[in-house]
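Here's the letter readout for the chains.
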Amino acid sequence: MTSEILTKIYGYMGTVKSKYDTNMAYVQGKNPTIASDPKRGDPDNRIPIPLAKTTVDDMAGYAGRAEDRVVSFPFVEADRTEDNEYEPVAREWMDYNDDAIETSELYREALANGASYELWWTSESDKAGFPIKPEYKILKGDSVFVKWTNEVKPTMEYAVRFWKDEDAFDGKEDATIYAQVYYPGYSERWQGNGSFVRNETEDTVYPYTIVPVLEYKINRDRLPLFEAEKKIIDTIDKIVSKSINEVDRYNALILLLPFLADAGFKQKLIDMKVIDDLAGQGDNAILPQFLEKNLAGVTDFYKWALEVMNDYYHKSTKVPDFANQNFGTGDESGAAKAYKLLGLEYIAAMIDTYFNQTAYQRKILFDDVINAGTSGINTDDYTIQILCKRNLPVNAKESLEIAALEKGIGISDKTIFQGLPTQIVPDWKKELAMMETEPAPGNDTTIPNGDIENATDQATLSGIQIEAASKIIEQVSAGTLTREAGINQLMVFLKMTREKSELVMGAVKTVKIPKPTEALKSQGGKNE
């Protein structure tokens, strides 16, 4: 790095800051386009509709919560059964760095700005075998510059973080500007005003083998989620603002000349040259045109235009209008509601692809810190997995029915619990541990007459098995299954013995459904 290069980079950061401020203004409900328009008279209402904020909030709520991004560090070889030494260490560091909040903030900032940045460093540790521990925190997007190599598959060459000293907040132009340049293994401190000089006393070293600044982007071009829709947002805001201004001007004239503004009154003002005089009086110049203005239908027009533009906006972003009364009505099937979210899922899946690509690099940084100690953990034995879920309303009955079917075909409890919504099984690892430690119920209890729900405290079946068994018994009672077929299903799907299956079935018998011929005869009909 040289002072000249750093000075050029700092000059370029003005452009970065401008784009960052513009994007964040949209998300904060402060439309920078209508805010910068020149004043055209009074009233001058400028009403920004926070569509960008709604879009970012909805996507972050749908796919960006910490509980929807489950990170684990399993063995590379899945069949290994010894204790996992890596996971507890990484989990402790993640908790120390408030990883749940950190990840959510990174995701939301990336949606708003196209990319977000995370700085890693180290501090002393009192944990045996680990002389240092990793620390990391999100950085503002307008304070970071990243230099990528010119290769076909570019890698990060270095990153620069800029900041000013506290005097800068007092409006002083001569405040010192600091720049920390991060490379693999070490960083350099530069500072100055107008030009930069080295300050070697503030250089740092660390064990990281890559640049310890992670860039989380949501698409290839690092553009915010609503970039293509900014013009639509501007148009909607202008429609709303103009509508309010038109109404305010009309109301102002009505208050000035109550019940007098008709065609005859306007003609008298013209003959007396009042209109000519008034037309040249600055902000009042626009008022004469309202003397005979008819606002009938204007409100409906603006409402129609607003609805059309709002509809286009949501179609373009693929983020549904969840406030729309026609979205997610109670009489729709789950499949119909899922179809409405299909476009949203396409975008969320694409974001996951890019965002997780950087999240996987955390494993490299964790490895570097572990390898700098004497714990003896072989980091090559472990990998990182990220399971992305979605924040959707849960149909508990449907989820349990699916789990029961999975259990019936021999899928492991671990896989079943991992697939269940967190509203049903908040901590699948804890649930598995409880299953291993809690004694199984006795096998000497019978369940009479198929009444298994009143005997769940005594049955040897799990909750999801009871749900599946109940459905089989209902089918036998309804005649859609024979008693023998029902017993066979209990034996095959729920791995029950013949004796236990018969006890669960109890006295339930198959309802005989008349054949078509018998039904016709009983009604006096003929069978051709």
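Our subject in this report is the structure included herewith. (Residues numbered from 1 in each chain as written. Predicted model: local features only at pLDDT ≥ 70, side-chain atom pairs only at ≥ 80, totals over all residues. Heavy atoms only, no water.)

**With respect to the packing of aromatic side chains**
Our working definition: Aromatic rings from Phe, Tyr and Trp, taking only the six-membered ring of Trp, are treated as a pair when their centres fall within 6.5 Å; an angle between ring planes under 30 degrees marks them as stacked, one over 60 as edge-to-face, and anything in between as tilted. Numbering goes from the N terminus for both helices and strands, where a helix is a DSSP run of H or I of at least four residues and a strand is a run of E of at least two. A 1.4 Å probe rolled over the protein chains alone gives each residue an accessible area, and that area as a share of the maximum for its type sets the label: buried under 20%, exposed over 50%, partly exposed in between.
This model, assessed by the stated rule, comprises 20 aromatic pairs. Arranged with centres 5.7 Å apart and planes meeting at 90°, the rings of Trp93 and Phe130 form a pair that is edge-to-face. Here Phe130 lies in strand 3 (residues 130–139) and Trp93 lies in helix 4 (residues 86–96), a separation of 37 residues in the sequence. Exposure remark for Phe130: the relative accessible area of 5% places this residue in the buried category. Ring-pair connections join several aromatic residues into one group, and the members of that group are Phe73, Phe75, Tyr86, Trp93, Trp120, Phe130, Tyr136, Tyr206, Tyr208, Phe366 and Tyr382.

**Quick look at the sheet that holds strand 2 (residues 115–127)**
What counts, and what does not: In this description, strands pair whenever DSSP reports at least two bridges between them. Fitted lines through C-alpha atoms serve as axes, helices being fitted only where they are in contact, and the angles separating the N-to-C directions of these axes extend from 0 to 180 degrees. Should any heavy atoms of two residues lie within 4.5 Å, those residues are considered in contact.
One open sheet holds the three strands; their spatial order is 3-2-10, and the pairing between them is antiparallel. Strands at the two margins of the open sheet, each flanked by one partner only, are strand 3 and strand 10 (213–217). Each strand of the sheet is rotated relative to its neighbour by a mean of 30°, with strand direction disregarded. Against the sheet, helix 4 makes contact with strand 2 and strand 3, and its axis sits at roughly 45° relative to strand 3, the strand it touches most. Against the sheet, helix 12 (residues 362–371) makes contact with strand 2, strand 3 and strand 10, and its axis sits at roughly 155° relative to strand 3, the strand it touches most.

**Notes on unusual backbone geometry**
In this structure, Asp98 is a non-glycine residue whose phi angle is positive, near 50°. Relative to the helices and strands, Asp98 resides in the loop between helix 4 and helix 5 (99–113). Here the phi dihedral of Arg222 falls at roughly 55°; this positive angle occurs in a residue that is not glycine. Note that Arg222 resides in the loop between strand 10 and helix 6 (230–256).

**Describing the layout of surface pockets**
Basically, it comes down to this: Any residue with an atom within 4 Å of a point lines the site, the site being either a cavity, points on a 1 Å grid over the protein atoms alone where a 1.4 Å probe fits but cannot get out, or a pocket, an open set with protein on both sides within 12 Å along at least 5 of 7 lines. Grid points are joined across faces, edges and corners, and a volume is the space filled by probe spheres set on the points. Residue type decides the class: Asp, Glu, Lys and Arg count as charged, Ala, Val, Leu, Ile, Met, Phe, Trp, Tyr, Cys and Pro as nonpolar, and the leftover types, Gly among them, as polar.
Roughly 1,300 Å³ of volume is contained in the largest pocket. Around the largest pocket, the lining is made up of 45 residues, and of these Val71, Ser72, Glu87, Arg91 and Lys429 lie nearest the centre. Counting only elements with at least two residues in the lining of the largest pocket, the list comes to strand 1 (69–72), helix 4, helix 5, helix 11 (342–359), helix 12, strand 11 (385–388), helix 14 (413–419) and helix 15 (428–437). Among the elements that take part in the lining of the largest pocket, helix 4 stands out by supplying five residues, more than any other. Classifying every residue of the lining of the largest pocket gives 23 nonpolar, seven polar and 15 charged.

**Re helix 5**
Definition in use: Helix span, as expected, comes to 1.5 Å for every residue beyond the first.
Between its terminal C-alpha atoms helix 5 stretches 21 Å, which fits the 21 Å expected from 15 residues at 1.5 Å a residue. Considered for burial, the residues of helix 5 that qualify are Asp99, Glu102, Thr103, Leu106, Tyr107, Glu109, Ala110, Leu111, Ala112 and Asn113. Phi turns positive, to about 95°, at Gly114, one or two residues after helix 5.

**Quick notes on the pattern of salt bridges**
Going by this rule: Should a side-chain nitrogen of Lys or Arg be within 4 Å of a carboxyl oxygen of Asp or Glu, the pair is scored as a salt bridge.
On inspection of all chains with the given rule, the structure shows 25 salt bridges. The closest approach of N and O atoms between Asp57 and Arg108, which form a salt bridge, is 2.5 Å. Here the residue Asp57 occupies a position in helix 3 (residues 51–63), and Arg108 occupies one in helix 5, the gap between them amounting to 51 residues. Here Arg108 falls in the partly exposed class, since its relative accessible area comes to 30%. One salt bridge in this structure joins Asp142 and Lys140, with 3.7 Å as the shortest N-O distance. One salt-bridge network, held together by shared partners, links Lys17, Asp21, Lys140 and Asp142.

**As for the environment of Leu223**
As for its position among the elements, Leu223 is in the loop between strand 10 and helix 6. Note on Leu223: relative accessible area 34%, which makes it partly exposed. If we ignore the near neighbours within four places in the chain, the residues touching Leu223 are Gly114 and Ile218.

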